[in-house]
Amino acid sequence: MSSTVSTSRGLLPPARIGTCETPNAGPSGSFSQPELEFNDTDDTELLSVSWNQDYGCFAAGTSRGFRIYNCDPFKETFRRDLKSGGFKIVEMLFRCNILALVGGGANSQYPPNKVMIWDDHQSRCIGEFAFRSEVRAVKLRRDRIVVVLEHKIYVYNFMDLKLLHQIETLANPRGLCCLSHHSNAFVLACPGLQRGQVRIEHFGLNMTKLIQAHDSQISCLTLTMDGLLLATASTKGTLIRIFNTMDGSRLQEVRRGGNRAEIYSIALSPNVQWLAASSDKGTVHIFSLRVRVVGEDSYAQSNAAQGLAMLQQNSSTALDALISPNTGANPGSSLSFMRGVLPKYFSSEWSFARFHLPEDTQFISAFGSQNTVVIVGMDGSFYRCSFDPVHGGEMLQQEYVRFLKTESRPG
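Owing to the predicted nature of the structure, the values given are computational and were not obtained by experimental measurement.

**Thoughts on the sheet that holds strand S6 (residues 75–81)**
- Taken together, four strands build an open sheet; the order of strands is S3-S4-S5-S6 and the sheet is antiparallel. Only two strands of the sheet have a single partner each, and these edge strands are strand S3 (46–51) and S6. Geometrically, the sheet is characterised by an average inter-axis angle of 15 degrees between neighbouring strands, direction not taken into account.
- Across five bridges, S3 lies against strand S4 (residues 57–62) in antiparallel orientation. In the strand pairing of S4, Ser-50 is matched with Ala-59.

Below, the structure is given as structure tokens:
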């Protein structure tokens, strides 16, 4: 099947209208143009929530369309209520008018195996992909579109929708995949072909790195904006590990708890000083990181040169360069001096601060400004809370909004 694309003036570089062959594609078929409706009923079902690339906005896929919200200050910036149904995947491209949409919900007219690249400024579809199986996730960079299926990942050029890369994965029903977002570094992380393995693609360096991150299957992962650090959790949900993506070395390990849990999200603060994790236990944990931060200026000078230099170092030197001494911010075990004898349970670091939420509701968290964390839930709730960067402990709730309510509608 072929995928047709046109580009919108003023956003994407000029490109001819054409077709590109899409592997594993099904019968050709186009999305109908969404027909807008005005809906003030409160029976809208929330199908998904997702952050944009800088965590300043989030998108909500609903049974009637989609809505976009700004986090600070909190405000619904726009919504599209559609007669033709809703979307289970709504992926933003930073704060611009381009979105990736995948249909979902009981009455949606948009099939779950098609991706629509939507220009909201023009209110039209500018690109479309169709596959033989359900789309599990879509990730966007300014120059790439990444489509995640259960066993395969496709990477396309944003300008002309040309297929650039194909990656085989272990069964990936969660659609796990994350990207770096610095313009001069394209790094992709996804499950590998073995349980607990993460595959790192450094496209700029033409290098693949396989990291055996956990014994159990990967349940959650995230990259820093520059792609140099990776944080992962497994389906066991007790430990979160931070890795150097260049050489695969483990830099730090933190413990969410002692009991099995499902981790819904992992977030790294922009300065890589903090890590936040949300789980089905109804708690967002904040951990202090000991990873040293490379300044953006030095990073921008030559990411490739730094990466190759790091690969040439021995592992102990590389670890010394990326890890600072333990400051004691995260509580550890008093038996840590017996680390060589006792199980890892006693040597991993516990959370520095925490915030309690309703259990069994899916929440995703991210860092805001000035030691704040923003949290969005599948129950239609938005929280902003603050933590003490010196003493930690219980976080303080600063804001709470029921964002599906019509009162928050942009006016």
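Still more ground to cover, so stick around.
**Structural notes on the environment of Gln-166**
- As for its position among the elements, Gln-166 is in strand S14 (residues 163–168).
- Residue classification places Gln-166 among the partly exposed residues on the basis of a relative accessible area of 40%.
- A C-alpha to C-alpha distance of 7.0 Å links Gln-166 and Lys-152, two positions 14 residues apart in sequence.
- Looking at Gln-166, its side chain comes within polar contact range of the side chain of Lys-152, at 3.1 Å.

**So, the sheet that holds strand S12 (residues 144–148)**
- In spatial order, the strands read S11-S12-S13-S14; together these four strands make up an open sheet with antiparallel pairing. At either end of the open sheet lies a strand with only one pairing partner, and these are strand S11 (137–140) and S14. Neighbouring strand axes in the sheet, compared pairwise and without regard to direction, differ in orientation by 15 degrees on average.
- With four bridges connecting them, S11 and S12 associate as antiparallel partners. Counted as the bridge partner of Val-138 is Val-147 from S12.

**Concerning the confidence of the model for the chain**
- Summing up the model confidence of the chain, the mean pLDDT is 77 and the portion of residues at 70 or higher is 74%.
- Every residue in residues 293–328 scores below 50 in pLDDT, and together they form 47 contacts with partners more than four places removed in sequence or on other chains.
- Scored below 50 in pLDDT, residues 331–347 makes 16 contacts in the model with residues more than four places away or belonging to other chains.

**Thoughts on the pattern of salt bridges**
- Overall, the coordinates contain 17 salt bridges when judged by the stated rule.
- Notably, a salt bridge pairs Glu-262 with Arg-174, separated by 3.4 Å at the nearest N-O pair. Note that Glu-262 is positioned in the loop between strand S22 (250–255) and strand S23 (263–268) and Arg-174 in the loop between S14 and strand S15 (178–179), a separation of 88 residues in sequence.
- Among the residues examined, Glu-262 registers a relative accessible area of 32% and is labelled partly exposed.
- In this structure, the salt-bridge partner of Arg-250 is Glu-253, at a minimum N-O distance of 3.0 Å.
- Among the charged side chains, a network of salt bridges with common partners joins Lys-88, Glu-134, Arg-136 and Glu-150.

Rules and cut-offs
Residues numbered from 1 in each chain as written. Predicted model: local features only at pLDDT ≥ 70, side-chain atom pairs only at ≥ 80, totals over all residues. Heavy atoms only, no water. Pairing = 2+ DSSP bridges. Helix = DSSP H or I, 4+ residues; strand = E, 2+ residues; numbered from the N terminus. Axes fitted to C-alpha atoms, helices over the stretch in contact; angles between N-to-C directions. Buried < 20%, exposed > 50% of the residue type's maximum accessible area, 1.4 Å probe, protein only. Polar contact = N/O pair within 3.5 Å; in protein donor to acceptor, adjacent residues only side chain to side chain. pLDDT = per-residue confidence, 0-100. Contact = heavy atoms within 4.5 Å. Salt bridge = Lys/Arg side-chain N within 4 Å of Asp/Glu carboxyl O.

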